[in-house]
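A look at the structure
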Amino acid sequence: MKEAILVIGAAGQIGSELVHALREIHGNDKVIASDVHEKAPEHLAYGPYEQTDVLDTKKLGEVVLGNKITEVYHLAALLSATAEKNPALGWELNMTGLSNVLDLAREGHIKRMFWPSSIAVFGPNTPKIKTPQRTVCEPTTVYGITKVAGESWCEYYHNRYGIDIRSVRYPGIIGHKSAPGGGTTDYAVHIFHEAVRHGRYECFLSKEAALPMMYMPDATKAVLELMAAPSENIGLRTAYNISGFSFTPDVLAAAIQKHMPEFEITYNPDYRDKIAKSWPSSLDDSAARKDWGWKPDFDIDAMVADMLKNISEQTGVH
Ligand code: SER
């Protein structure tokens, strides 16, 4: 059997789309999807699947060695809002899970790895506008703490053990093929489903909570391009800022109203609003642009048009 690729957390929002993209490039059989669920989700079942809990080191080792895995996309994590409800599990899954994968790399099994970081590494003391690549972090969520520590942990494994590990700080990701799970930025996906189904949405952030966001095709493109870049171009082994566009909930609502003038938004902010307000409004991604040519394709209007079209088709509402 030839070397293969493993996607851990394949059933999640990013994994569901990344598996398809990787299978298109490398072939269905070479890309093994894995998640905690016993069976592959229907949309991934056309290729190989392994049930794996990243905290189960024995099973994880068997999957990696048994399938001759040399490249891993490790996406399994508790996101910001869910991790605040169970901080101990957030720490365990996000940190110990990462360590378990890194240790298989240190032992020489995994040669290349992608692990996503997040805008959640930043906190209330971070400059909010065009947040620089290198600046004060001081995150206030357990998710952000695990991401900032994970970035340094990845850099350490690169410097000390020579593992080719690469990362980006994802903003909120918007897509129509898979549901987000437990993030502060999830409103920007829910709003489209509610707009198409009910013509209204009650937002759990306040109207002025500006956050960096990105459309899923750009999020997938970022990981594929980062992983394809020559190693000597990767000047940063923590994680690159990458930016798509930024908006507040009321700006997003106005962009939806251009297509659906009757759409209504109301606001009922909860604990997630405080998380959102601790994060940047926009990012400076010049390091990613310079080192590996990062450039997003979608702006907010192109994203909104594409989301409404696809979700209307899915729901049969036109
Ligand atoms: N989308 C993530 C969250 O809201 C940020 O990385 O938790």
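This section reports on the structure supplied with the text. Given the structure is predicted, the values throughout are model-derived calculations rather than measurements.

1. Quick look at the side chain of Asn 94
Structurally, Asn 94 is set in helix H4 (residues 87–106). You can call Asn 94 buried: its relative accessible area is 4%. Of the polar contacts made by the side chain of Asn 94, one reaches the side chain of Thr 146; its length is 3.1 Å. Contacts of Asn 94, omitting those with residues within four sequence positions, involve Ala 77, Leu 78, Leu 89, Tyr 143 and Thr 146.

2. Some remarks on the sheet that holds strand E11 (residues 211–215)
Pairing is mixed in the open sheet, where three strands are placed in the order E9-E11-E13. Since the sheet does not close on itself, it has two edges, and those belong to strand E9 (172–174) and strand E13 (245–247), each with one partner. The sheet shows a mean angle of 45° between the axes of neighbouring strands, direction not considered. Pairing geometry for E9 and E11, over three bridges, is parallel. Counted as the bridge partner of Ile 174 is Tyr 215 from E11. Sheet contacts for helix H6 (residues 187–198): E9, E11 and E13; angle to E9, the most-contacted strand, approximately 25°.

3. Overview of the nonpolar core
Inside soluble globular proteins, nonpolar side chains tend to come together where they are buried. Membership of the largest hydrophobic core comes to 68 residues, with the highest contact counts inside it found for Ile 174, Tyr 187, Phe 192, Phe 247, Leu 252, Ile 256 and Met 303. Tallying contributions element by element places H6 first for this core, with seven residues. Apart from residues lying up to four places away in sequence, Tyr 187 is in contact with Tyr 201, Cys 203, Phe 204, Leu 205, Met 213, Phe 247, Thr 248, Pro 249 and Leu 252. Counting residues in hydrophobic clusters, the runner-up holds 32 residues, among them Phe 114, Val 168, Ala 288 and Trp 292.

4. With respect to the site of the ligand
The environment of the ligand is made up of Leu 79, Ser 80, Ser 118, Tyr 143, Gly 183, Thr 184, Thr 185 and Trp 279. Between the ligand and Ser 118 there is a distance of 2.6 Å, counted from an oxygen atom to a side-chain nitrogen or oxygen. The fraction of the free accessible surface of the ligand (230 Å²) that becomes covered by protein chains is 93%. Taken together, the residues that form the shell around the ligand break down as three nonpolar, five polar and no charged.

Cut-offs used in this document
Residues numbered from 1 in each chain as written. Predicted model: local features only at pLDDT ≥ 70, side-chain atom pairs only at ≥ 80, totals over all residues. Heavy atoms only, no water. Helix = DSSP H or I, 4+ residues; strand = E, 2+ residues; numbered from the N terminus. Buried < 20%, exposed > 50% of the residue type's maximum accessible area, 1.4 Å probe, protein only. Polar contact = N/O pair within 3.5 Å; in protein donor to acceptor, adjacent residues only side chain to side chain. Contact = heavy atoms within 4.5 Å. Pairing = 2+ DSSP bridges. Axes fitted to C-alpha atoms, helices over the stretch in contact; angles between N-to-C directions. Core = buried A, V, L, I, M, F, W, Y, C linked by side-chain atoms within 4.5 Å. Near = heavy atom within 4 Å. Areas by Shrake-Rupley, 256 points an atom, 1.4 Å probe, with all protein chains shown as cover. Nonpolar A, V, L, I, M, F, W, Y, C, P; charged D, E, K, R; others polar.

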